[in-house]
Amino acid sequence: MSGVRTVSLVGSTGSIGAQAIEVLNGNRERFRVVALAASQSVGRLAEQARLLSPSVVAIADQSKVAELRDAVPKGTEVLAGDDGLDAVAGIADVVLNAAVGFAGLRVTLGALNAGRRLALANKESLIAGGPVVRMARRTRGAEIVPVDSEHCAVHQCLRSSDNGVADVVRIVLTASGGPFRGRSADYLAGVGVEDALAHPTWKMGPKITVDSSTLMNKGLEVLEANELFEVGLDRIDIVVHPQSIVHSFVEFVDGATIAQLSRPDMRLPIGYALCYPERLSVAFGEIDWSGMRSLEFEPVDRKVFGCVDLAFEAGRAGGGAPCWLNAANEVAVEAFLARRVPWVAIKEVVAETLQAYEPVELENFEDVIDADASARRHAEMVVAARERAA
Ligand code: MG
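Residues numbered from 1 in each chain as written. Predicted model: local features only at pLDDT ≥ 70, side-chain atom pairs only at ≥ 80, totals over all residues. Heavy atoms only, no water.

Side note on the overall build of the protein
Point 1. Check the secondary structure of the protein and you find 17 helices and 11 strands.
Point 2. Taking 2.2 N^0.38 as the reference for a compact globule, 390 residues should give roughly 21 Å; the C-alpha atoms of the protein span a radius of gyration of 20 Å, in line with that estimate.
Point 3. Its C-alpha atoms give the protein principal-axis dimensions of roughly 55 × 55 × 40 Å.
Point 4. Looking at the 390 residues of the protein, the share that counts as buried comes to 55%.
Point 5. Expressed as a percentage of contacts within the protein between residues at least 6 apart in sequence, the contacts between residues at least 24 apart total 69%. (Helix = DSSP H or I, 4+ residues; strand = E, 2+ residues; numbered from the N terminus. Rg over C-alpha atoms; globule rule 2.2 N^0.38 Å. Buried < 20%, exposed > 50% of the residue type's maximum accessible area, 1.4 Å probe, protein only. Contact = heavy atoms within 4.5 Å.)

As for the nonpolar core
Point 1. Membership of the largest hydrophobic core comes to 90 residues, with the highest contact counts inside it found for Ile171, Phe229, Val250, Leu325, Phe336 and Trp343.
Point 2. Of the residues forming this core, the biggest block, 11 residues, is contributed by helix H15 (residues 321-337).
Point 3. Sequence-distant contacts of Val250, that is, excluding residues within four places in its chain, are made with Val154, Cys157, Leu158, Val168, Arg170, Ile171, Ala256, Thr257 and Ile258.
Point 4. Core analysis: the next-biggest nonpolar cluster, separate from the first, contains 40 residues, Ile21, Val57, Leu96 and Trp202 among them. (Core = buried A, V, L, I, M, F, W, Y, C linked by side-chain atoms within 4.5 Å.)

Focus on the coordination of the magnesium ion
Around a metal, the ideal angle is 109.5 degrees if four donors adopt a tetrahedral arrangement and 90 or 180 degrees if six donors adopt an octahedral arrangement.
Point 1. Binding of the magnesium ion to the protein goes through Asp148 (OD), Glu150 (OE) and Glu221 (OE), at separations of 2.0 to 2.1 Å.
Point 2. Linear spacing of the donor residues for the magnesium ion on their chain is D-x1-E-x70-E. Of the two residues, Glu150 is situated in helix H8 (residues 149-158) and Glu221 in helix H12 (residues 216-229); the sequence distance between them amounts to 71 residues. The exposure classification of Glu150 matches that of Glu221, with both residues buried. (Donors = N, O, S within 2.8 Å, 3.2 Å for Na, K, Ca; no water.)

Considering empty space enclosed by the protein
Where empty space is left can be seen by rolling a probe of water-molecule size over the atoms.
Point 1. Within the structure shown, the criterion is met by 1 cavity of 30 Å³ or more.
Point 2. Ser149, Trp202, His247, Gln260, Ser262, Arg263, Asp265, Leu268 and Pro269 are the residues that line the largest cavity.
Point 3. Grouping the amino acids of the lining of the largest cavity by side-chain chemistry returns 3 nonpolar, 4 polar and 2 charged. (1 Å grid on protein atoms, 1.4 Å probe; cavity = no way out; pocket = protein on both sides within 12 Å on 5 of 7 lines; lining within 4 Å. Points joined across faces, edges and corners; volume = space filled by probe spheres on them. Nonpolar A, V, L, I, M, F, W, Y, C, P; charged D, E, K, R; others polar.)

Regarding the sheet that holds strand E9 (residues 236-240)
Point 1. With respect to topology, 4 strands assemble into an open sheet ordered E9-E8-E10-E11, the strand pairing being mixed. Two strands in the sheet have a free side with no partner beyond their single neighbour: E9 and strand E11 (257-261). The mean inter-strand angle of the sheet, taken between neighbouring strand axes irrespective of direction, is 20°.
Point 2. Taken together, the 5 bridges between strand E8 (residues 168-175) and E9 define a ladder with parallel strand orientation. Looking across to E9, one finds that Thr174 is bridged to Val239.
Point 3. Each of E8 and E9 touches H12; the most contacted strand, E8, lies at about 145° to it. (Pairing = 2+ DSSP bridges. Axes fitted to C-alpha atoms, helices over the stretch in contact; angles between N-to-C directions.)

Remarks on H15
Point 1. A rise of 1.5 Å per residue sets the reference length of H15, with its 17 residues, at 24 Å; its end C-alpha atoms lie 24 Å apart and thus fit the reference within 8%.
Point 2. Among the 17 residues of H15, 15 are classified as buried, and the element is accordingly described as predominantly covered. (Expected span 1.5 Å × (residues − 1).)

A short note on the pairing of strand E4 (residues 77-80)
Point 1. Taken together, the 4 bridges between strand E3 (residues 56-59) and E4 define a ladder with parallel strand orientation. Looking across to E4, one finds that Ile59 is bridged to Ala80.
Point 2. Crossover handedness for the path E3 to helix H3 (residues 65-71) to E4: right-handed. (Right-handed = clockwise from strand over helix to strand, strands pointing away.)

Details of the environment of Ala119
Point 1. In this structure, Ala119 sits in strand E6 (residues 117-120).
Point 2. Along the primary structure Ala119 and Val168 are separated by 49 residues, whereas in three dimensions their C-alpha atoms are 23 Å apart.
Point 3. Setting aside residues no more than four positions away along its own chain, Ala119 makes contact with Val94, Val95, Leu96, Asn97, Val145, Val147 and Ala273.

Some remarks on the packing of H15 against helix H16 (residues 344-355)
Point 1. It is the contact of H15 with H16, at a shortest axis distance of 9 Å, that shows an interaxial angle of 145°. In this structure, H15 meets H16 at a crossing whose hand is right-handed. Counted together, Ala321, Trp324, Leu325, Ala328, Asn329, Ala332, Val333 and Phe336 of H15 and Ile346, Val349, Val350, Thr353 and Leu354 of H16 form the full contact between these two elements.
Point 2. A class-by-class count of the residues in the contact of H15 with H16 yields 11 nonpolar, 2 polar and no charged. (Left-handed = near helix turned anticlockwise from the far one by under 90°.)

Quick notes on H8
Point 1. Burial within H8 is extensive, with 10 of its 10 residues counted as buried.
Point 2. For H8, the complete set of buried residues consists of Ser149, Glu150, His151, Cys152, Ala153, Val154, His155, Gln156, Cys157 and Leu158.
Point 3. Contacts made by the buried residues of H8 are with strand E7 (143-146), E8, H12, strand E10 (246-252), E11 and helix H13 (267-275).

Section: unusual backbone geometry
Point 1. The amide bond that connects Tyr276 to the next residue, Pro277, takes the cis arrangement and shows omega of 5°.
Point 2. Position of Pro277 among the secondary structure elements: in the loop between H13 and helix H14 (307-317).
Point 3. For Ser53, which is not glycine, the phi torsion reads 45° and is therefore positive.
Point 4. Considering the arrangement of structural elements, one finds Ser53 in the loop between helix H2 (42-52) and E3.
Point 5. Unlike most non-glycine residues, Arg339 shows phi in positive territory, near 60°.
Point 6. For Arg339, the location among the structural elements is in the loop between H15 and H16.
Point 7. Overall, the relative accessible area of 55% leaves Arg339 in the exposed class.

Written out as structure tokens, the structure reads:
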């Protein structure tokens with residue numbers, strides 16, 4: 001790599017953000033952090049600013065700007081709100097988007113429209129903003145390198161053919177199966193928030209952990225893969241792999257299947273997306289083969305985990321449907337975490353909300369904001385009706 005790469009990290013105080021800080025801090029000869037942004041955790045953000053001395057820090061929550069200004073080193077520029085996020089999205093060689101949920105859309109579009117590399121750990125923005133993000137990706141210099149472990153694996157596998165996706169028969173995304181793998185519908189009727197948050201292999205934030213328990217995370221990842229690699233939904237498949245060692249496969253026209261393996265450690269995909277096309281010289285997730293006995297694979301139970309099919313349906317409908325799917329899911333997951341609805345209702349809220357979807361095309365940022373808001377209104381009505389009925 002020639003010279004030091006500048007990095008802007010959005011969502012620095014979340015789970016991915018904290019691991020990115022570790023990677024960046026441990027590789028200061030390769031990266032210089034110029035901006036850090038978080039939604040509201042002033043204390044942690046200020047602590048990170050003292051560690052990495054970025055020139056800019058931004059906080060999404062406007063009301064915390066004074067508190068942040070007092071907490072960061074003198075001379076650090078402090079920004080806030082949407083304008084603050086827009087500013088940090090465009091000022092570095094690599095923008096690592098680790099925001100949570102739909103809120104990441106501004107950053108995804110900001111980085112791509114500025115012609116930067118987007119190291120993407122926010123799948124929701126790609127799914128909700130689909131057609132608009134596709135246009136932004138055409139900006140000169142713009143590129144996406146996925147941080148999501150499965151997509152990062154596919155990105156690595158695809159490098160084994162110079163023909164790219166033209167040589168691809170099938171992309172197979174692996175799923176750990178989450179905490180409820182093998183469970184019956186009866187059992188799942190009684191599960192609570194603590195059960196859903198007990199993920200067997202990955203340590204992650206609450207939103208994605210709940211998504212993993214419903215397999216909506218995998219459904220969203222199918223749509224993410226389709227946006228990233230443009231192979232069409234018919235060439236994307238899912239297999240359950242409880243050990244989370246094989247992070248995905250790509251099957252090629254000559255019969256070869258290429259996979260990427262490592263222990264589940266997000267610091268590897270973070271480093272990959274920062275360094276690509278080179279590799280980080282520090283190893284994360286290396287496998288000890290002397291202790292590895294078996295790798296298991298099994299089909300997804302699509303009856304019990306209906307979110308997978310909902311995602312495929314929304315993807316096939318196209319237009320604003322994936323945006324609606326994502327928004328309805330965010331509302332449903334939030335309601336579940338607030339103990340307003342049971343776990344089984346997450347899928348039902350999403351399905352019922354999608355029934356109200358009227359086909360709409362997304363041509364610009366405002367269209368996406370509108371579609372997201374309509375879907376949230378509908379989903380919130382569905383949640384409220386269920387609460388009343390309970
Ligand atoms: Mg993933």
